[in-house]
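What the coordinates show
So you can see what is in the structure, the chains are spelled out below.
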Amino acid sequence: MRLPYLDNSNPLYYQKWLPWRDVPREQWDDWKWQLQHSVTSIEALEEILPLEPEAKNRIVHTFKKYKFAVAPYYISLMDPDNPQCPFRLQSIPQESELEVSGEEFSDPLNEDDDMAVPNVVHRYPDRVLVTINSSCSMYCRFCTRRRFVLDKGGHKDRNELEVICDYLESHPEIRDVIISGGDALMMGEKRLLEILGRIRAIPHVEIMRLASKIPCVLPMRITDALVQTLKIFKPLYFMTHFNHPYEITPEAKLACERIVDNGIPMMNQTVLLRGINSEVVIMKKLMQELLTIRVKPYYIYQCDLSEGISHFRTPVEKGIEIIESLRGHTSGLAVPEFVIDTPGGGGKVPIGPQYLLSQSDKKVVLRNYEGIISSYPQPKETDCTCSTAEAIREKGDRRVEHGPARLLHDEALSMKPHEMS
Ligand SMILES: *Cc1c(COP(=O)(O)O)cnc(C)c1O
Ligand code: SF4
């Protein structure tokens, strides 16, 4: 099925790729068939996308070090005549992946150090990231977790669900669990049922999030059976990963609709990638099209400092420019937060244009997206006490505040570096 509004936006769709020209639609739409026929070696890639001998020599070493896999579906979206096409740049290894600069790290976000127990990254007070699985249907060249997802020599602890759940159970402050990887949906329904069921049974876990790029790279994996499984565990949020408007194909749209129609809200996280989505028009189109398939743009990430991906990095100003060009100019729903996940495990820091020009206790001075400067008078009454707050506090807000938030609410006058955590 083709959807008319998408036909214009992606002229490349349904390239007649030779190896799969005669594949019946039922097979094409079967995710197991797609995985079985994924291209995973340079030799197989060459049969589909002829490589100059010189180009092959340049990338062969990258293939030796890092994993490579792309399903026929994603290949069918590639432009055979444009080596810089967004699908190719995201999935096909490049020589520069082996170049490691002094500014790069194998684990830029210090996730390994922040692991409370193997596979549980507990960085923020009330939520954790669980890296439950290290395989993906497609290996994104810019992956921040290259060290264990892409690197063939990368070490990954066995996924001890018991250990993970023991940790979650013994930490009542954890109210939000993000199940990530790799790609969480590379696991079968049975394993997902087990994992989600165990975590859902922990009383203090209020919400779960499932992180998966599958709706973008292998949308046929979003079967009815899968969604019926996920649906059991509401409130569950689906965090997905589209980077380019051309990725929003009829298949991707069907996959997302199936998820959302079953009451699972979807959010998108995009990585800002040089030469792929590093222009305002592309990001704007992506964010607007995501809304048409009911996926809410959540974050745009500045590219991390993982080893070998500096060719994907953009100046930070580019991300600010993108937000400046979205906010006010298009639906507020289409405006994600631009964040830098700070090296060393400092977590996500939101970065954006400055709208607050000046402030006093009488007025704040603001500028809007058109550059119009206005002032907003402050109220005379500043006490913000609410009659219901005490009751809610008593019922047990498990919040433990860190950092400047503590200075605002505690008696403390100052904070020394060693008191930060
Ligand atoms: C991104 C991230 C989270 C979730 O952050 P939110 O801002 O709540 O989406 C949690 N833990 C880790 C380690 C993360 O990297
Ligand atoms: S899907 Fe996610 S975890 Fe897997 S390679 Fe891509 S960015 Fe990395």
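Here goes a summary of the coordinates provided. (Residues numbered from 1 in each chain as written. Chains lettered and ligands numbered in written order. Predicted model: local features only at pLDDT ≥ 70, side-chain atom pairs only at ≥ 80, totals over all residues. Heavy atoms only, no water.)

All right, on to the sheet that holds strand 13 (residues 373-377) then. The three strands are arranged 11-12-13 in an open sheet whose pairing can be described as antiparallel. In the strand order of this sheet, the two ends are held by strand 11 (356-359) and strand 13, each with one partner. Adjacent strand axes in the sheet meet at a mean angle of 20° when their direction is disregarded. With three bridges joining them, strand 11 and strand 12 (residues 363-367) adopt antiparallel strand pairing. (Pairing = 2+ DSSP bridges. Helix = DSSP H or I, 4+ residues; strand = E, 2+ residues; numbered from the N terminus. Axes fitted to C-alpha atoms, helices over the stretch in contact; angles between N-to-C directions.)

Between its first and last C-alpha atoms helix 5 (residues 53-65) spans 19 Å; for 13 residues at 1.5 Å apiece the expected length is 18 Å, and the two agree. Remark: the principal bend of helix 5, roughly 35°, maps to Ile 59. What helix 5 keeps buried is the set Ala 55, Ile 59, Thr 62 and Phe 63. Structurally, helix 5 contributes buried residues whose contacts are with helix 4 (42-48). (Expected span 1.5 Å × (residues − 1). Bend = angle between axes of the 7 residues up to and from the residue. Buried < 20%, exposed > 50% of the residue type's maximum accessible area, 1.4 Å probe, protein only. Contact = heavy atoms within 4.5 Å.)

Within strand 6 (residues 236-240), four of the five residues are buried, which leaves the element mostly enclosed by the surrounding structure. Direction of pairing for strand 5 (residues 207-211) relative to strand 6: parallel, over a ladder of four bridges. Bridging from a neighbouring strand, Met 208 pairs with Leu 236 of strand 6. With three bridges joining them, strand 6 and strand 7 (residues 266-271) adopt parallel strand pairing. Looking at strand 7, one finds that Thr 240 is bridged to Asn 268. For the crossover that starts at strand 6, traverses helix 13 (residues 250-261) and ends in the parallel strand 7, the hand is right-handed. (Right-handed = clockwise from strand over helix to strand, strands pointing away.)

Here we take up helix 9 (residues 161-169). What helix 9 keeps buried is the set Leu 161, Ile 164, Cys 165, Tyr 167 and Leu 168. Taken down its axis, helix 9 places every buried residue within 155° of arc, on the same side. Against the buried residues of helix 9 lie strand 1 (115-117), strand 2 (120-124), strand 3 (127-131), strand 4 (176-180) and helix 10 (189-200). (Arc of directions from axis to C-beta.)

A pair can form between side chains of opposite charge whenever their charged atoms are brought close. This model, assessed by the stated rule, comprises 28 salt bridges. The salt bridge partner of Arg 198 is Glu 162, with a shortest N-O separation of 2.8 Å. With Arg 198 in helix 10 and Glu 162 in helix 9, this residue pair connects regions lying 36 residues apart in the sequence. A relative accessible area of 48% places Glu 162 in the partly exposed class. With a closest N to O distance of 3.2 Å, Glu 189 and Arg 221 form a salt bridge. Of the two residues, Glu 189 sits in helix 10 while Arg 221 sits in the loop between helix 11 (214-217) and helix 12 (224-231), which places them 32 residues apart along the sequence. Accessibility expressed as a relative area gives 22% for Glu 189, which makes it partly exposed. (Salt bridge = Lys/Arg side-chain N within 4 Å of Asp/Glu carboxyl O.)

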